[in-house]
Amino acid sequence: MASSTVDSSVSDLFSSAPALQSNLEILSPDQIELAKILLENGQSHLFLHWSEPGVCDNEKLGFFDQIARLNSSYPGGLAAYIKTAKELLADSKLGKNPYDGFSPSVPSGENLTFGDENFIEMEKRGVVEARKAAFVLVAGGLGERLGYNGIKVALPRETTTGTCFLQHYIESILALQEASHKVASDGNQTDIPFIIMTSDDTHSRTQDLLELNSYFGMKSTQVHLLKQEKVACLDDNDARLALDSNNKYKIQTKPHGHGDVHSLLYSSGLLDKWLDAGLKWVLFFQDTNGLLFNAIPASLGVSATKQYHVNSLAVPRKAKEAIGGITKLTHADGRAMVINVEYNQLDPLLRASGFPDGDVNCETGYSPFPGNINQLILELGSYKEELQKTGGAIKEFVNPKYKDSTKTSFKSSTRLECMMQDYPKTLPPTARVGFTVMDIWLAYAPVKNNPEDAAKVPKGNPYHSATSGEMAIYRANSRILQKAGVKVEEPVKQVLNGQEVEVWSRITWKPKWGMIFSDIKKKVSGNCEISQKSTMAITGRNVFIDNLSLDGALIVDSIDDAEVKLGGSIKNNGWTMETVDYKDTSVPEEIRIRGFRFNKVEQLEKKFNQPGKFSLED
Ligand SMILES: O=c1ccn([C@@H]2O[C@H](COP(=O)(O)OP(=O)(O)O[C@H]3OC[C@@H](O)[C@H](O)[C@H]3O)[C@@H](O)[C@H]2O)c(=O)[nH]1
Ligand SMILES: [Mg+2]
């Protein structure tokens, strides 16, 4: 009889795990179903040490709570996870090249040059589109390379104003929203949604940072946190799940990577809401790139003009730099795609396919492959359609560290991982996938490396440290003002935390002061000059730089209804930079990782709290 066959196969199944079988009475039917999934997928070892019923029963129930979470948070559940893991581990053991059959070549994309006519046009178009955009920040990573104790988005983007990354991102989105509503012809005044993907490592601290600061001016309903779950670790090539060495009723877990953002967005139901609200674009970005919003308007303009389904932002890449290379991959069977090849895979791929020197610079001094900064602009309609097919699952990879060349055991447990930029891998050939290359100084300055590692970066390659990240803000702002006609003095070279950097005038402004170049140009007129030792922080909106000569520190704040002219000659002792060693624990961590702090010797500080027209003398 059919039913007895089922029963006997079920009891066969449980007889492979006698310690579990004797505990079935304490489990709910749902938990028994989960147990079946585990046994059917070669996980009977998980129960070897289970004690008799009545002993550690709470731990056993806790074990199944965790299994239920692992099962429901992965597309296709644990069975799918284990199946994929077995396949990928077998491929890895064989040393199979994930790009087998594909040959790499340099793709062509859109190149933007800051400040030229096309750039200005693209920025204006981007501002028009912005009110149809949603922003998604992936911020679930611990930042192990940086080693900072707090969450990365709470770090100051620069220490002249101390504004943290998250505040800057929110103020940038709000500034774009406002600018976009201003030019909207349809009167549509919807708020731009802002999604933050967190993980157990970052969730509560991200939430606290937002709440303690009243969401930095955003409506709390506009912000949405989606928490990614970790995935189960694997002990061996048979994808046996790894138990926690301190608690045999717990599975070890590790982060699955930023690729989770797609399945989380899909299951959140937000995509449908956004489509109903008339949105068209989803912009993804990472936790610590203080220059990113310099690049957003123009690249969104490119997406709209070219009608790209996928637009990745890129910058010229130095060989061996820890950023992925955008590569055209053409298969022997004719298929082709333009996709990020991750930095650890680019060199072996090139060597295996007719580039014997691997990842090296070409005559330009840069790698011929543009560097992926992982800022993706996806067209919402096609994105939703694709996720309906895939459930948001992204092609995964596994990177086990083997004990020896037999590749039979691992140094420590491994897990599957996925990356958000692998999204285009499942797209049909008709998809319009492109990329946009911009200047590094304008668009990319991540904070990823601790001072010690940064100091070891090969000369000429970017440091990607807290020091270089902050210096890049001053360089970009100085260059933008130079382009707008201000004589900003050239930088001096200085070694901070063992890294040689260019120190430009410390110029900062709020996003609402100027989001796009044409707006910034309107705020600058006459003969203006700013010396290298100067600091200028503008936090007001209607502040105009007009025949200003600055040699010192100038801090200006104003309400929106105050129109302020910054002019005349301002000279004071300013803010000096004092070096700080990263090992000096008497200095707060977020400062010492930069290698300097400001000594605020003297400044002209002005606040304009009343409506009206003012100048610095007022
Ligand atoms: O599980 C994770 C891992 C990472 N992240 C987030 O993803 C972002 C990127 O993480 P990492 O800094 O570890 O990424 P990496 O530096 O290794 O490479 C990434 O950025 C540079 C690009 O060139 C690479 O192609 C891209 O993968 C961060 O914002 C991080 O918070 C998650 O949200 N969840
Ligand atoms: Mg990483």
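Quick caveat, the model's predicted, so the values are computed rather than measured. (Residues numbered from 1 in each chain as written. Chains lettered and ligands numbered in written order. Predicted model: local features only at pLDDT ≥ 70, side-chain atom pairs only at ≥ 80, totals over all residues. Heavy atoms only, no water.)

### Points about the packing of helix 9 (residues 260–268) against helix 13 (residues 380–390)
Item 1. Where helix 9 meets helix 13, the closest approach of the two axes is 10 Å, and the angle between their N-to-C directions is 95°. Classified by the angle their axes make, helix 9 and helix 13 are roughly perpendicular. Only Y383, L387 and Q388 of helix 13 make contact with helix 9, whose side of the interface consists of H262, L265 and Y266.
Item 2. Classifying every residue of the contact of helix 9 with helix 13 by side-chain character gives 4 nonpolar, 2 polar and no charged. (Axes fitted to C-alpha atoms, helices over the stretch in contact; angles between N-to-C directions. Helix = DSSP H or I, 4+ residues; strand = E, 2+ residues; numbered from the N terminus. Parallel < 35°, antiparallel > 145°, perpendicular 65-115°, else oblique. Contact = heavy atoms within 4.5 Å. Nonpolar A, V, L, I, M, F, W, Y, C, P; charged D, E, K, R; others polar.)

### Notes on the pattern of salt bridges
Item 1. Overall, the coordinates contain 34 salt bridges when judged by the stated rule.
Item 2. Residues R335 and D333 are paired through a salt bridge, measuring 3.1 Å at the closest nitrogen-oxygen approach.
Item 3. Taking relative accessible area as the criterion, R335 reaches 47% and is therefore assigned partly exposed.
Item 4. Between D422 and K425 there is a salt bridge whose closest N-O contact spans 3.4 Å.
Item 5. Classification of K425 as partly exposed rests on a relative accessible area of 22%.
Item 6. Each of E178, K512, R541 and D560 takes part in one network of salt bridges that share partners. (Salt bridge = Lys/Arg side-chain N within 4 Å of Asp/Glu carboxyl O. Buried < 20%, exposed > 50% of the residue type's maximum accessible area, 1.4 Å probe, protein only.)

### Some thoughts on empty space enclosed by the protein
Item 1. Tallied over the entire structure, the rule returns 6 cavities of 30 Å³ or more.
Item 2. The calculated volume of the largest cavity comes to roughly 180 Å³.
Item 3. In terms of lining residues, the largest cavity is bounded by 17 residues, among which F293, N294, W509, G514 and M515 are the most central.
Item 4. Counting only elements with at least two residues in the lining of the largest cavity, the list comes to helix 7 (165–183), helix 11 (292–306), helix 16 (466–483) and helix 17 (517–522).
Item 5. Of the residues that constitute the lining of the largest cavity, the class distribution is 9 nonpolar, 5 polar and 3 charged.
Item 6. Of the domains in this structure, domain 2 (112–317 + 372–446) and domain 3 (479–617) are the two that each give at least three residues to the lining of the largest cavity. (1 Å grid on protein atoms, 1.4 Å probe; cavity = no way out; pocket = protein on both sides within 12 Å on 5 of 7 lines; lining within 4 Å. Points joined across faces, edges and corners; volume = space filled by probe spheres on them. Domains from an automatic or database assignment.)

### So, the packing of aromatic side chains
Item 1. Counted according to the given criterion, the structure contains 26 aromatic pairs.
Item 2. Residues F165 and Y169 carry aromatic rings whose centres are separated by 6.1 Å and whose planes lie at 35° to one another, so their mutual orientation is tilted. Here F165 pairs with Y169, and both are found in helix 7, just 4 residues apart, close to one helical turn.
Item 3. Where Y169 meets F285, the ring centres are 4.9 Å apart and the plane angle is 85°; that geometry is what we call edge-to-face. Linking Y169 in helix 7 with F285 in strand 11 (residues 281–286), this pair joins segments that are 116 residues apart in sequence.
Item 4. Since its relative accessible area comes to 1%, F285 is described here as buried.
Item 5. Connected via pairs of aromatic rings, a cluster forms that spans F135, F165, Y169, F194, F285 and F293. (Phe/Tyr/Trp six-rings, centres within 6.5 Å; stacked < 30°, edge-to-face > 60°.)

### So, the environment of I593
Item 1. Note that I593 resides in the loop between helix 18 (589–592) and strand 31 (596–600).
Item 2. Residue classification places I593 among the buried positions, given a relative accessible area of 9%.
Item 3. The contact partners of I593, leaving out residues within four places of it in the chain, are L155, P451, A466, T467 and N497.

### Observations regarding the layout of surface pockets
Item 1. Taken as a whole, the second largest pocket spans an internal volume of roughly 640 Å³.
Item 2. In terms of lining residues, the second largest pocket is bounded by 22 residues, among which G460, N461, P462, Y463 and R475 are the most central.
Item 3. Counting residues per element, the ones that place at least two in the lining of the second largest pocket are helix 16 and strand 22 (499–503).
Item 4. A total of 4 residues in the lining of the second largest pocket trace back to one element, the largest contributor, which is helix 16.
Item 5. In terms of residue class, the lining of the second largest pocket is made up of 11 nonpolar, 4 polar and 7 charged.
Item 6. Both domains that meet at the lining of the second largest pocket, namely domain 2 (112–317 + 372–446) and domain 3 (479–617), each give it at least three residues.

### Comments concerning the site of ligand 1
Item 1. Lining the immediate surroundings of ligand 1 are 22 residues, of which R145, Q228, Y343, N372 and K448 lie closest.
Item 2. At 2.9 Å from an oxygen atom of ligand 1 is found a main-chain nitrogen or oxygen belonging to G141.
Item 3. The separation between a nitrogen atom of ligand 1 and a polar side-chain atom of Q228 is 2.6 Å.
Item 4. Protein contacts shield 88% of the accessible area of ligand 1, which totals 670 Å² for the unbound molecule. (Near = heavy atom within 4 Å. Polar contact = N/O pair within 3.5 Å; in protein donor to acceptor, adjacent residues only side chain to side chain. Areas by Shrake-Rupley, 256 points an atom, 1.4 Å probe, with all protein chains shown as cover.)

### Focus: the nonpolar core
Note that soluble globular proteins tend to have their nonpolar side chains buried in a common cluster.
Item 1. Counting 66 residues, the largest nonpolar core has M438, L481, M536, I545, L548, L554 and L566 as the members making the most contacts within it.
Item 2. Shared between two domains, this core holds at least three residues of each, these being domain 2 (112–317 + 372–446) and domain 3 (479–617).
Item 3. When residues no more than four places from it in sequence are discounted, the contact partners of L554 are T535, M536, A537, L548, L566, I570, L604 and L616.
Item 4. V127, A130, Y169 and A304 belong to the second-largest nonpolar core, a separate cluster that totals 43 residues. (Core = buried A, V, L, I, M, F, W, Y, C linked by side-chain atoms within 4.5 Å.)

### A short note on the confidence of the model for the chain
Item 1. Predicted confidence across the chain gives a mean pLDDT of 95, with 99% of residues reaching 70 or more.
Item 2. Contacts from residues 1–6, a stretch scored under 50 in pLDDT, to residues over four places away or in other chains number 0 contacts.
Item 3. Scoring the predicted complex yields pTM 0.95 and, for the interface, ipTM 0.98. (pLDDT = per-residue confidence, 0-100.)

### Brief notes about helix 16
Item 1. For helix 16, which comprises 18 residues, the first-to-last C-alpha distance of 26 Å matches the rise-based estimate of 26 Å (1.5 Å per residue) to within 8%.
Item 2. Most of helix 16 is tucked away, with 14 of its 18 residues classed as buried.
Item 3. Two or three places before T467, at the opening of helix 16, S465 has a side-chain oxygen 3.3 Å from that residue's backbone nitrogen.
Item 4. Looking one or two residues past helix 16, G485 carries a phi angle of roughly 110°, positive in sign. (Expected span 1.5 Å × (residues − 1).)

### Quick word on the side chain of H262
Item 1. Relative to the elements of secondary structure, H262 occurs in helix 9.
Item 2. Judged by its relative accessible area of 0%, H262 falls in the buried class.
Item 3. In this structure the side chain of H262 is engaged in a polar contact, spanning 2.7 Å, whose partner is the side chain of Y383.
Item 4. A polar contact is formed between the side chain of H262 and the backbone oxygen of M420, at a distance of 3.0 Å.

### Describing the domain arrangement of the chain
Item 1. In terms of domains, the chain is made up of domain 1 (9–73), domain 2 (112–317 + 372–446) and domain 3 (479–617).
Item 2. Between the C-alpha centres of domain 1 and domain 3 the distance comes to 62 Å.

### Considering the sheet that holds strand 32 (residues 604–608)
Item 1. Across the sheet, which stays open at both edges, the 4 strands sit in the order 23-26-28-32 with parallel pairing between neighbours. Looking along the sheet, the strands with just one partner apiece sit at the ends: strand 23 (506–509) and strand 32. On average, each strand axis in the sheet is inclined to that of its neighbour by 5°, with strand direction left out of account.
Item 2. Looking at chain direction, strand 23 and strand 26 (residues 535–538) are connected through 4 bridges and run parallel. Considered in strand 26, the bridge of R506 is made with T535.
Item 3. Sheet contacts for helix 16: strand 23 and strand 26; angle to strand 23, the most-contacted strand, approximately 80°. (Pairing = 2+ DSSP bridges.)

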